[in-house]
Amino acid sequence: MSTPSAEPKPRMRFPVLVLMNLLPRTWRAGGREGMIENRPLLTIFTHVILLIGVAIIALPVYVTFVASTLGPDEVLRAPMSLIPGSHMIENYAKVLGEGASSNVTTAPVGRMMLNSLVTALVIAFGKIIISLLSAFAIVYFRFRFRTLAFWLIFVTLMLPVEVRILPTYKVVSDLGMLDTYAGLTVPLIASATATFLFRQFFLTIPDELAEAARIDGAGPLRFFWDVVVPLSRPNIAALFVILFIYGWNQYLWPLLITTDESMYTTVIGIKRMIAGGEQATEWNLVMATAMLAMLPPALVVLLMQRWFVKGLVDAEK
Amino acid sequence: MEKRARFESRWLPYALIAPQLVITLVFFFLPASQALYQSLLVQDAFGTNTQFVWFENFQDLFRNEDYLSSFKTTAIFSLLVAALGLSISLVLAVLADRVIRGANVYKTLLIWPYAVAPAIAAVLWLFLFNPTLGIIAHWLKGLGVPWNPLLDGTDALIMVVIAAVWKQISYNFLFFLAGLQSIPKSLIEAAAIDGAGPVKRFLTIVFPLLSPTTFFLLVVNIVYAFFDTFGIIDAATSGGPAKATEILVYKVYADGFKGLDLGGSAAQSVVLMIIVVALTVVQFRYVERKVQY
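Counting restarts for each chain: residues are numbered from 1 in the order of the written sequence. Throughout, the order in which chains and ligands are written sets their labels, letters from A for the former and numbers from 1 for the latter. For this predicted model, a pLDDT threshold of at least 70 governs which residues receive local features, and a threshold of 80 or more governs which side-chain atom pairs are given and counted, while totals over whole chains, interfaces and linings are taken from all residues.

This next bit is on the overall build of chain A. When you go through chain A residue by residue, the secondary structure sums to 15 helices and zero strands. When burial is assessed residue by residue, chain A has 43% of its 317 residues classed as buried. Note that contacts rest on C-beta atoms placed from the backbone: two residues are in contact if these are within 7 Å. Long-range pairs, those at least 24 residues apart, make up 71% of the contacts in chain A between residues at least 6 apart in sequence. Helix and strand assignments come from DSSP, with helices taken as H or I runs of at least 4 residues and strands as E runs of at least 2, each series counted from the N terminus. Three exposure classes are used, based on other C-beta atoms lying within 10 Å of a residue's own C-beta, which is placed from the backbone: buried for 20 or more, exposed for 12 or fewer, and partly exposed in between.

Turning next to the overall build of chain B. Within chain B, the secondary structure is distributed over 13 helices and two strands. The globule rule used here is 2.2 Å times the number of residues to the 0.38 power, and the radius of gyration it is set against is calculated over C-alpha atoms. Whereas a compact globule of 293 residues would reach a radius of gyration of roughly 19 Å, chain B reaches 24 Å, over 25% beyond that. C-alpha atoms of chain B, sized along the principal axes, occupy 80 × 75 × 30 Å. When the 293 residues of chain B are sorted by exposure, 42% land in the buried category. Of all intrachain contacts in chain B linking residues separated by at least 6 positions in sequence, the fraction that spans at least 24 positions is 69%.

Taken together, the 83 residues of chain B in the interface contact 84 residues of chain A. Considering each element in turn, the side of chain B that touches chain A owes the most residues, 19 residues, to helix 1 (residues 12-38) of chain B. When residues are sorted by character, Ala, Val, Leu, Ile, Met, Phe, Trp, Tyr, Cys and Pro go into the nonpolar class, Asp, Glu, Lys and Arg into the charged class, and all the rest, Gly among them, into the polar class. For the side of chain B that touches chain A, the class distribution of residues is 63 nonpolar, 13 polar and seven charged.

This next bit is on unusual backbone geometry. All names here are of chain B. In this structure, A242 takes a positive phi of about 50° despite not being glycine. On the secondary structure map, A242 appears in the loop between helix 11 (230-236) and helix 12 (248-258). Owing to 11 C-beta atoms within 10 Å, A242 belongs among the exposed residues under this scheme. In this structure, K243 is a non-glycine residue whose phi angle is positive, near 65°.

Moving on: the packing of helix 6 (residues 165-174) of chain A against helix 1 of chain B. Between N-to-C directions, angles cover 0 to 180 degrees, with each direction set by a line fitted to C-alpha atoms, over the stretch in contact for helices. At a minimum axis separation of 8 Å, helix 6 of chain A and helix 1 of chain B run at an interaxial angle of 125°. Our classification of the angle between helix 6 of chain A and helix 1 of chain B gives oblique. Once helix 6 of chain A is placed against helix 1 of chain B, the crossing between them reads as right-handed. Taken together, the residues of helix 1 of chain B that come into contact with helix 6 of chain A (itself represented by A:P167, A:T168 and A:V171) are B:V26, B:F27, B:L30, B:P31, B:Q34, B:A35 and B:Q38. Looking at side-chain class alone, the contact of helix 6 of chain A with helix 1 of chain B contains seven nonpolar, three polar and no charged residues. Any angle between 65 and 115 degrees counts as roughly perpendicular, while under 35 counts as roughly parallel, over 145 as roughly antiparallel, and the rest as oblique. Helix crossings get a hand from a simple test, with the near helix turned counterclockwise from the far one by less than a right angle marking a left-handed crossing and a clockwise turn marking a right-handed one.

Residues and elements named next belong to chain B. Tracing the chain through its elements places G240 in the loop between helix 11 and helix 12. Distance from G240 to W125, taken between C-alpha atoms, is 16 Å for residues 115 residues apart in sequence. Among residues more than four places away in sequence, those in contact with G240 are A156 and T245.

Another point: helix 8 (residues 192-203) of chain A. In a helix, the anticipated span is given by 1.5 Å times the number of residues less one. The first and last C-alpha atoms of helix 8 of chain A sit 16 Å apart over 12 residues, in line with the 16 Å expected at 1.5 Å per residue. On its buried face, helix 8 of chain A is in contact with helix 4 (109-140), helix 5 (146-155), helix 10 (220-231), helix 11 (233-248) and helix 15 (305-315) of chain A together with helix 1 of chain B.

Here we come to the confidence of the model for chain B. For chain B, per-residue confidence averages 84 on the pLDDT scale, and residues scoring 70 or more make up 93% of the total. What the predictor reports for the complex is a pTM of 0.85 with an ipTM of 0.86. Looking at any residue, its pLDDT shows the predictor's confidence there, from 0 to 100.

Turning next to the environment of A:Y181. If you trace the backbone, A:Y181 turns up in helix 7 (residues 181-185). In this structure, A:Y181 is in contact with A:V118 and A:V122, ignoring residues within four places of it in sequence.

Residue and element names in this part refer to chain A. With 84% of its residues at a pLDDT of at least 70, chain A reaches an overall mean of 81. At the level of individual helices and strands, chain A shows its lowest average pLDDT in helix 1 (residues 15-22), which scores 44, and its highest in helix 4, which scores 93. Note that pLDDT drops below 50 for residues 1-34; the model gives that stretch 21 contacts with residues more than four away or on any other chain.

Next up on the list: the environment of B:I222. All names here are of chain B. With respect to the element layout, I222 can be found in helix 10 (residues 211-228). By the C-beta count within 10 Å, which is 18 here, I222 ends up partly exposed. In contact with I222, other than residues within four places in its own chain, are S78, A82 and L279.

Now the structure itself:
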């Protein structure tokens, strides 16, 4: 056996070096690879500007949070306090259970959150499922009208709801789908973006896999379920994040087709709450509702950040 | 690109593609063709009397002062949103790229506004800018700046631009940061050895190499300002005061859904469709070039 710890560790002889190790890496010369030269002032300046940017971005949400914890009189006192008040639980319980604003009747926000959740989940999974199926058909089969089908799907990229508001409303109303979950979701479920994304991905799956499956006697649906879907999982996760946010945040469409307040989504509910006019708006309750409306999609972004970034980049390819 | 390995089936591919196609035909092509047809008709408010008038609706549209001023509003709004959104996020991305070690923390702190619905963003800023209780309105008053977005058109436009930019910064920031991180460090080191300072390196190397990202984001931001800001306008100002924030998308909705001018609204829809097609073509031609680059 050699003497394992006979030698003192070299750095113990240089206490200043040890101290320097406690400093943030970026403050030390050559702290990170790629940092071209060491300019401590520039680095401090960089952090200061970034922190100001972060603070400005966060300001509206912070003020909203504070407003949602104030009593009805405190929120109307100009200037409003910037320190959270003591009515938080009371306000949130009230909007979730009873709804807000005495001047306009709205459903409890709990109900609206449920509507938003159903809408977002049906849109996200609906888009993913029908796009997986149609991309599989386009890539793994040769059939008549294949190119035509491809182009029909492609052209929908150029027809956002915003440019065909009235006729789409008429179609949905003729089908008796106003004020229903089907009406809120089905017209938004077609997706050119998701179809292309899956098509691009399927083209990269090695042909050998499909051949092997065929030799083993697996039919196309078996191959789809056992090979294609599991391989697509990262793409599905990434798309899910983007599409969940898309569904949760829908505005124009639910605004058009929901008149029954029990079918309002949270985003629409807020719009209805502030529609009652300047004096009557109970801002503390509106702001509590706004916090509740932001929470689920923000959580999805923060918790699934890696998939979120992948989804954004993929969707724009 | 085509697959060698394929499956054979007479009916399966049609069954697989049917759900997507049925929804596309019923909810996209049917309404879009109705909009096209409707744009050539004049109908009275009760739908009893309909006349085919060719392009009269379009001629009326481009003679209409309100419509032309809405075009102008949209142009100013989109340019401001794109210019401000791009420059602020570029600055933040360049700075975050400098501090690689903290970059991920800043990234997390900057990307979440993407998750906020446009209409909610509008309500947040409406509250901050509210002339009687808003904090920012109060600060402005302290500085002696007259401020009332409920009465003054310019103030209202500034408010919706800020709300729209605030929401889009996260998206631009992510793409700029990714673009910056893909620039080879050796190029920048070489310039530094030749004595170029940070500002000169940015102007002569980084910014030109970033131009594909910038151009892509420019198109995306203009599309965003044209179409996705409907919720911001509706929740914050409803197009007012005195139509000062009535962008084209909002006008289609206001004229068709509230004003019940079916032919005029349909003609506006068709004009918007042409704009979308043009923007999409620009975007795709650019994507082709990016592949070669």
